[in-house]
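# A closer look at the structure
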Amino acid sequence: LTKSLKSSGLHIVHIAAEMAPVAKVGGLGDVVSGLSKALQKRGHLVEIILPKYDCMNHDLISDLKELDMTVHSYFDGQQFGNKIWVGIVAGLPVYFIEPHHPGKFFWRGQYYGEHDDFKRFSFFSRAALELLFQSGKKPDIIHCHDWQTAFVPPLYWDVYSSKGFNSARICFTCHNFEYQGVSPASELASCGLDVHHLHRPDRMQDNSSHERINPVKGAVVYSNIVTTVSPTYAQEVRTAEVFVTGGRGLHETLNFHSRKFVGILNGIDTDAWNPATDSFLKYQYSADDLQAKEENKAALRKHLGLSSANASQPLVGCITRLVPQKGVHLIRHAIYQTLELGGQFILLGSSPVTHIQREFEEISNHFQNHPHVRLILSYDDALSHAIFAASDMFVIPSIFEPCGLTQMIAMRYGSVPIARRTGGLNDSVFDVDDDAIPVQVRNGFTFLVPDEQGLSGAMKRGFKLYMRNPDAWRDLVQKNMAIDFSWDSSSAQYEQLYENSLARARKSSREN
Ligand code: ADP
């Protein structure tokens, strides 16, 4: 196995289901690579363990090679071999686990949405720990993410620590409390967890379906550090539902464990998202060369067959998974509102929900040759960069939003966000017209009530400034492009959490 690189910092291992750009579905993938890179830059040894999906973007892995070892891991009463691959992604060492299991767990042509996701990812969680254990690694921090790897904390403390594999503190980050992996209790046994021991109200029993277990709850209970991805969302999930936000049944658990629970706003990968060097763009640009941004707008209009008659007609972008969380009815409304206000609209989005995908296909067909509206209902990384660069405004009308990355990417590309004040949007988008906010941090247009009227109000204010006061608009764009959305300060906060937790562990081992 690759020998641990020399490092005077901590040894941190992320275990995750996604990592951009090789295996990305949404923000989780961006966070795993962005945070890891930033921690590596701070002098830590950071490694990542991922499933070896057939559908990964293999071209983006350098030096991919199979290790001369098979890691055997337990599942359903048997031992299964796992082939281990190692490669470099975005400058980071990544281990890929390829199970030799008849279920062909990561050979499905997609990342999630399989009938046996619970099995696939509980298998992966166990195999990842087994890899660390068998290779003799002694990480300081094991950082797992979302329900897919939420099995790691209970497995670590209940199964591995008694084997002497106990050097690490466990950090769990929940990127979205909507997805908790709740399943029948009996399924937990497959990965070697003790159902009888864990199916209890203070451990993994789901707070509403008592006959089921909840992996995210288990991770909250069993981890040393629990984080979520923005301070406002950390508050929201500790309350019962407001609109549809809230802890999705976990608010009491989170309150009980509030001393180890904190919200840290995600950063963005400012190397990957940099309009001055972005190779997906026709014309690179920076805050003092906004002419090239205009040229990207013209190029995208041409590419998508939109009207170029009025160069200064505002272009509104939206890039999102089309799921109820994102306020799909408001996204639809934004299309019509944009037309009414005299703008152009480009939506890039796809939906795992059949009826939503169908609804947007109908809208897309309706606007098929329209000069001012285009809907692209697929996942397209290259096009997403072009839209961030071309758009003047960017709508994010989320019903709830743990952090949200697109508002930050948009600002870095000089597209002004129009966002609902919730979760991480509330921590990063500050209304231009809000006198209660210091002028220097105001950067977009926000609304609180998630209805058409609320969104329209914010859009109208955005269009008014754009159309009536081009100088003020340009100043706003330039100011937004200079905001520091890098991982620098957030990764420092994670580092502090890791170090505090390790110090507590050392102190308590001295006392015992
Ligand atoms: P979430 O994690 O809930 O999907 P985020 O805003 O945190 O939302 O992250 C979404 C990320 O996925 C952003 O980088 C965004 O650009 C990207 N994205 C979403 N939908 C698409 C799509 N259809 N094509 C390309 N990129 C997309």
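Residues numbered from 1 in each chain as written. Predicted model: local features only at pLDDT ≥ 70, side-chain atom pairs only at ≥ 80, totals over all residues. Heavy atoms only, no water.

### Some words on the pattern of salt bridges
What counts is decided by this rule: The term salt bridge refers to a pairing of a side-chain nitrogen on Lys or Arg with a carboxyl oxygen on Asp or Glu at a separation within 4 Å. For helices the rule is a DSSP run of H or I covering at least 4 residues; for strands it is a run of E covering at least 2, with both sets numbered from the N terminus onward. Burial classification: accessible surface area is computed with a 1.4 Å probe over protein chains only, and a residue below 20% of its type maximum counts as buried, one above 50% as exposed, and the rest as partly exposed.
Throughout the structure, instances matching the rule amount to 19 salt bridges. Here K137 makes a salt bridge to E47, at a shortest N to O gap of 2.9 Å. On the criterion of sequence distance, the pair formed by K137 in the loop between α2 (117-134) and β6 (141-145) and E47 in strand β2 (residues 45-51) is long-range, its members being 90 residues apart. Each member of the pair, K137 as well as E47, is classed as buried. Measuring nitrogen to oxygen at the nearest pair gives 2.9 Å for the salt bridge that ties E114 to R108. Each of R108, E114 and D116 takes part in one network of salt bridges that share partners.

### Here we look at the side chain of S501
This is how the line gets drawn: The contact criterion used is simple: two residues touch if any of their non-hydrogen atoms lie within 4.5 Å.
Of note, S501 is situated in helix α16 (residues 488-511). Among residues more than four places away in sequence, those in contact with S501 are R169, N224 and I225.

### Structural notes on the environment of P184
Its location among the elements puts P184 in strand β8 (residues 183-184). Among the residues examined, P184 registers a relative accessible area of 34% and is labelled partly exposed. Residues P184 and I213 lie 29 residues apart in sequence; the distance between their C-alpha atoms is 6.2 Å. If sequence neighbours within four positions are ignored, P184 has contacts with E211, R212 and I213.

### Observations regarding a negative patch on the surface
Defined as follows: Candidate patch residues must exceed 30% relative accessible area and have no salt bridge, after which like charges are joined if within 9 Å and Val, Leu, Ile, Met, Phe, Trp or Tyr side chains if within 5 Å. Note that accessible areas follow from Shrake-Rupley with a 1.4 Å probe, and for residues the cover is restricted to the protein chains shown. A positive count includes Lys and Arg, and a negative count includes Asp and Glu. His and the chain ends are not counted in either. All charge positions are set by atom: Lys at NZ, Arg at CZ, Asp at CG, Glu at CD.
On the surface, D288, D289, E294 and E295 cluster together into a negatively charged patch. Along the chain, the position of E295 falls in helix α8 (residues 291-304).

### Side note on the site of the ligand
The test is simple: We call a residue near a molecule or strand as soon as one heavy atom of that residue lies within 4 Å of the molecule or strand. Whenever two N or O atoms come within 3.5 Å, that pair is a polar contact, provided that in protein one can donate a hydrogen and the other can accept it, and provided that, for residues adjacent in sequence, both atoms are side-chain atoms. By the convention adopted, Pro, Cys, Tyr, Trp, Phe, Met, Ile, Leu, Val and Ala count as nonpolar, Lys, Arg, Asp and Glu as charged, and the other residues, Gly among them, as polar. Domain ranges listed in this record stem from an automatic or a database domain assignment.
Around the ligand, the structure places 19 residues, and the nearest of them are G27, R321, K326, S378 and L405. For the ligand, an oxygen atom lies 3.0 Å from a polar atom in the side chain of K24. Between the ligand and the protein, one listed contact pairs an oxygen atom with a side-chain N or O atom of R321 at 2.7 Å. Going through the elements one at a time, α1 (27-41), β12 (315-321), β13 (344-350), α11 (381-390) and α12 (406-412) are the ones with two or more residues in the shell around the ligand. For the shell around the ligand, the element with the highest residue contribution is β12, accounting for three residues. By residue class, the composition of the shell around the ligand is six nonpolar, eight polar and five charged. Composition of the shell around the ligand by domain shows at least three residues from each of domain 1 (18-267 + 489-511) and domain 2 (291-485).

### Looking at the sheet that holds strand β5 (residues 92-99)
Test applied: We treat two strands as partners when DSSP finds at least two bridges between them. Simply put, an axis is a line fit to the C-alpha atoms, just over the touching stretch for a helix, and the angle between two N-to-C directions goes from 0 to 180 degrees.
Across the sheet, nine strands lie side by side as β3-β4-β5-β2-β1-β6-β7-β10-β11; this open sheet has mixed pairing. Each edge of the open sheet carries a strand with a single partner, namely β3 (62-75) and β11 (261-263). Direction aside, the axes of adjacent strands within the sheet are offset by 25° on average. Inspection of the sheet shows β6 paired to strand β7 (residues 169-174) by five bridges, in the parallel sense. Looking across to β7, one finds that I141 is bridged to R169.

### Some thoughts on the domain arrangement of the chain
The parts lose accessible area when they come together, and the size of an interface is often stated as this lost area. So the rule is basically this: Accessible area that two parts lose when put together, evaluated with a 1.4 Å probe and summed over both, is termed the buried area.
As assigned here, the chain comprises domain 1 (18-267 + 489-511) and domain 2 (291-485). For domain 1 versus domain 2, the separation of C-alpha centres amounts to 33 Å. Facing the 21 residues of domain 1 at the interface are 19 residues of domain 2. Carbon and sulfur atoms make up 62% of the surface buried where domain 1 meets domain 2, a total of about 1600 Å² over both sides. Here domain 1 and domain 2 share zero salt bridges between them. For the interface between domain 1 and domain 2, the tally reads eight residue pairs in polar contact (both at pLDDT 80 or more). Among the elements of the structure, α1 and α6 (231-236) are those that each provide at least two residues to the side of domain 1 that touches domain 2. With four residues, the top contributor of residues to the side of domain 1 that touches domain 2 is α6.

### Remarks on the packing of aromatic side chains
Heads up, the rule is: The aromatic pairing rule takes the rings of Phe, Tyr and Trp, using the six-membered ring of Trp, and pairs them if the centres are within 6.5 Å, calling planes under 30 degrees apart stacked, those over 60 edge-to-face and the rest tilted. By definition here, charges over rings are those cases where NZ of Lys or CZ of Arg is within 6 Å of the ring centre and within 35 degrees of the ring normal.
By the definition in use, this model includes 31 aromatic pairs. Pairing F388 with Y413 gives two aromatic rings, centres 6.1 Å apart and planes at 45°, and the pair type is tilted. Within this pair, whereas F388 is found in helix α11, its partner Y413 is found in the loop between α12 and β16 (416-420), the two being separated by 25 residues in sequence. Both residues of the pair, F388 and Y413, belong to the buried class. The aromatic ring of Y160 is capped on one face by K163, whose charged end is 4.9 Å from the ring centroid.

### Concerning the sheet that holds β12
The strand order across the open sheet built from six strands is β14-β13-β12-β15-β16-β17, with neighbouring strands paired in parallel fashion. A single partner strand is all that each edge strand has here, and the edge strands are β14 (373-376) and β17 (445-447). Sheet twist, expressed as the average angle between the axes of neighbouring strands with direction ignored, equals 15°. When β12 meets strand β15 (residues 393-396), the two strands line up parallel, connected through two bridges.

### Topic: the side chain of H14
When you line up the elements, H14 lands in strand β1 (residues 11-15). A polar atom in the side chain of H14 sits 2.9 Å from the side chain of H145. Excluding residues within four positions of it along the chain, H14 makes contact with L35, S36, L39, V46, E47, I48, I49, H143, H145 and Y498.

### Comments concerning the pairing of strand β10 (residues 225-228)
The alternating pattern of β10 places I225 and T227 and V226 and T228 on opposite faces, both of which are buried. Pairing analysis gives four bridges linking β7 to β10, with the strands arranged parallel. Each residue of the ladder has a partner; that of C171, found in β10, is I225.

### Regarding the packing of α2 against helix α3 (residues 152-160)
Note the threshold: An angle counts as roughly parallel when it lies under 35 degrees, as roughly antiparallel when it exceeds 145, as roughly perpendicular when it falls between 65 and 115, and as oblique in every other case. Crossings are classed by handedness, with left-handed meaning an anticlockwise turn of the near helix from the far one by less than a right angle and right-handed meaning a clockwise turn.
Contact pair α2 / α3: the axes reach a minimum separation of 10 Å and the direction vectors enclose 50°. Classified by the angle their axes make, α2 and α3 are oblique. Of the two elements, α2 crosses α3, and the hand of that crossing is right-handed. Residues S125, R126, L129, E130 and F133 of α2 form the contact with α3, whose own contacting residues are V152, L155, Y156, V159 and Y160. Broken down by class, the residue content of the contact of α2 with α3 amounts to seven nonpolar, one polar and two charged.

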